[in-house]
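The chain contents come next:
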Amino acid sequence: MMHVTVVDWLVIAAGVAAIAWVNWYFFFAERTAVIANTGASGRQEVTVVVRGGYEPSTIRVKAGRPVRLAFDRQETSSCSEEIVFPDFNVRKFLPAHQRTIIELTPPKAGTYEFSCGMSMLHGRLVAD
Ligand SMILES: [Cu+2]
């Protein structure tokens, strides 16, 4: 017969907590997703507030159509001073307390990550 120790229970509890956290994290990320507004030109527009992270951090767009992102940086913390879109070869400086426009077109459906220059803050464009 299997002998279950307190340590075993702690390992199991930690595993369950980790799974719950991952589920919550992705659920929360989906909940905070926004769908880009589409103007008459067909261009998709979103404002992203940069303050200790990206808000919203998940942006849903249509693939194959231009996206205009306005990064509104409301802090001076050096962490967020650069924005990087590796899939688009974009690396741009975001001046504090200003809006910086980045335009790109997701070529096909998929998830395109973006981050700060040190890869500490994360967001994503989800194109479908
Ligand atoms: Cu950073």
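Predicted model only: the values in this text are computed from it and were never measured. (Residues numbered from 1 in each chain as written. Predicted model: local features only at pLDDT ≥ 70, side-chain atom pairs only at ≥ 80, totals over all residues. Heavy atoms only, no water.)

**As for the overall build of the protein chain**
This is how the line gets drawn: Put simply, DSSP marks the helices as runs of H or I at least four residues long and the strands as runs of E at least two long, and each gets a number from the N terminus on. All radius of gyration figures rest on C-alpha atoms, and the globule criterion is 2.2 Å times the number of residues raised to 0.38. Each residue is assigned to one of three classes by its accessible area relative to the maximum for its type, calculated with a 1.4 Å probe on protein chains only: buried under 20%, partly exposed between the two thresholds, exposed over 50%. Any two residues whose heavy atoms approach within 4.5 Å at even a single point are treated as in contact.
Helix and strand counts for the protein chain come out as one helix and 11 strands. When the helices and strands of the protein chain are placed in sequence order, the string is α-β-β-β-β-β-β-β-β-β-β-β. Relative to its length of 128 residues, the protein chain is extended, with a C-alpha radius of gyration of 19 Å against a globular reference of 14 Å. Within the protein chain, the fraction of its 128 residues that count as buried is 34%. Sequence-distant contacts in the protein chain: of pairs separated by 6 or more residues, those separated by 24 or more amount to 54%.

**Brief notes about the environment of alanine 127**
Tracing the sequence through the fold places alanine 127 in strand S11 (residues 122-127). Relative accessible area serves as the criterion here: at 5%, alanine 127 is assigned to the buried category. Aside from chain neighbours lying at most four places away, what touches alanine 127 is Val61, Ala63, Pro106, Lys108, Ala109, Gly110 and Tyr112.

**Quick look at the coordination of the copper ion**
Quick note on the threshold: Donor atoms: N, O and S within 2.8 Å of the metal, or within 3.2 Å for Na, K and Ca. Because water is excluded, sites can look incomplete.
Surrounding the copper ion are the protein donor atoms Cys79 (O), Cys79 (SG) and Cys116 (SG), which sit 2.2 to 2.7 Å from the metal. In this pair, cysteine 79 is assigned in the loop between strand S6 (67-73) and strand S7 (82-85) and cysteine 116 in strand S10 (residues 110-116), connecting sequence segments 37 residues apart. You'll find cysteine 79 and cysteine 116 in the same group, each marked buried.

**Some remarks on the packing of aromatic side chains**
How two aromatic rings sit relative to each other is set out by the distance from centre to centre and by the angle between their planes. As a reminder of what qualifies: Side-chain rings of Phe, Tyr and Trp, where Trp is taken by its six-membered ring, are said to pair if the distance between their centres is within 6.5 Å; with planes under 30 degrees apart they count as stacked, over 60 as edge-to-face, and otherwise as tilted.
This structure, assessed with the given rule, holds seven aromatic pairs. Ring centres of tyrosine 54 and phenylalanine 71 lie 6.3 Å apart, and the angle between their planes is 75°; this geometry places the pair in the edge-to-face category. Of this pair, tyrosine 54 sits in strand S4 (residues 54-55) while phenylalanine 71 sits in strand S6; the two residues are 17 residues apart in sequence, bridging distant segments of the chain. Note on accessibility: tyrosine 54 and phenylalanine 71 belong to one class, buried. Their ring planes at 70° and their centres at 6.4 Å tell us that phenylalanine 85 and phenylalanine 88 sit as a pair that is edge-to-face. The buried category is assigned to phenylalanine 85, whose relative accessible area is 0%. Connected via pairs of aromatic rings, a cluster forms that spans Tyr54, Phe71, Phe85, Phe88, Tyr112 and Phe114.

**Observations regarding the sheet that holds S11**
Which entries qualify depends on this criterion: For two strands to pair, DSSP has to find at least two bridges joining them.
Across the sheet, which stays open at both edges, the six strands sit in the order S1-S5-S11-S10-S7-S8 with mixed pairing between neighbours. The strands lining the two open edges of the sheet, one partner per strand, are strand S1 (34-35) and strand S8 (90-93). Sheet analysis places S7 next to S8, joined by four bridges and oriented antiparallel. If you follow phenylalanine 85 over to S8, its bridge partner there is valine 90.

**So, the domain arrangement of the protein chain**
Keep this limit in mind: In this entry, domain limits derive from an automatic or database-based domain assignment.
Taken domain by domain, the protein chain comprises domain 1 (1-31) and domain 2 (34-127). Between domain 1 and domain 2, the C-alpha centre-to-centre distance is 33 Å.

**Remarks on the pairing of S10**
The pairing of S7 with S10 spans two bridges and is antiparallel. What sits directly across from isoleucine 83, in S10, is cysteine 116. Bridge count between S10 and S11: six bridges; the pairing is antiparallel. Along S11, the bridge assignment pairs serine 115 with histidine 122. Once S10 ends, the chain turns through five residues before running back antiparallel as S11, passing serine 119 with a positive phi of about 60°.

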